Amino acid sequence: MASKDVAPLLAKEFVFAKLDYDRAKGAQEIRKRYDQESSLPWFAFLDGDGKALIHSTGPNGNTGFPAQPEEIAHFKTMLQTVKKQLTDEEITFLVTSLEGASKKK
């Protein structure tokens, strides 16, 4: 997600915030707010009021870093659900980049 081709596309749509559940002050309260008990990494797309619009817990559990076909499909659904700036072509590129990364492993 931080690659030079992917990061600018995601930055069009999202503001990233990382939270260390073990060390960040108030992190456990935030975790409870989103009822997040899944494995890490876990992520959510929030609206401007902090309401979770969709999160990485998919039909088969937490996608974390999407690598398996069903995880990548859930990530695509996430992007399509919240997109305002991203085009369908850009979403296809992001999905393809995940598919390529999972094949390298």
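Scroll up for the structure.
Residues numbered from 1 in each chain as written. Predicted model: local features only at pLDDT ≥ 70, side-chain atom pairs only at ≥ 80, totals over all residues. Heavy atoms only, no water.

Chemist: Got a minute to help me understand the layout of surface pockets in this structure?
Modeler: One way to see where empty space is left: roll a probe the size of a water molecule over the atoms. When its volume is computed, the largest pocket comes out at roughly 1200 Å³. Around the largest pocket sit 33 residues that line it, and F16, A17, W42, F43 and A44 are the ones nearest its centre. Elements that contribute at least two residues to the lining of the largest pocket include exactly α1 (7-13), α2 (27-33), β1 (44-46) and α3 (69-82). For the lining of the largest pocket, the residue count by class is 24 nonpolar, 2 polar and 7 charged. (1 Å grid on protein atoms, 1.4 Å probe; cavity = no way out; pocket = protein on both sides within 12 Å on 5 of 7 lines; lining within 4 Å. Points joined across faces, edges and corners; volume = space filled by probe spheres on them. Helix = DSSP H or I, 4+ residues; strand = E, 2+ residues; numbered from the N terminus. Nonpolar A, V, L, I, M, F, W, Y, C, P; charged D, E, K, R; others polar.)

Chemist: Any chance you could explain the nonpolar core here in plain terms?
Modeler: Soluble globular proteins: nonpolar side chains tend toward being buried together. Of all hydrophobic cores here, the largest spans 16 residues; its most connected members are F14, F45, F75, L79, L86 and L94. Broken down by secondary-structure element, the contributors of at least two residues to this core are α1, α3 and α4 (88-104). Of the residues forming this core, the biggest block, 5 residues, is contributed by α3. Once you skip the residues sitting within four places of it in the chain, L79 turns out to touch F14, F45, L86, I91 and L94. (Core = buried A, V, L, I, M, F, W, Y, C linked by side-chain atoms within 4.5 Å. Buried < 20%, exposed > 50% of the residue type's maximum accessible area, 1.4 Å probe, protein only. Contact = heavy atoms within 4.5 Å.)

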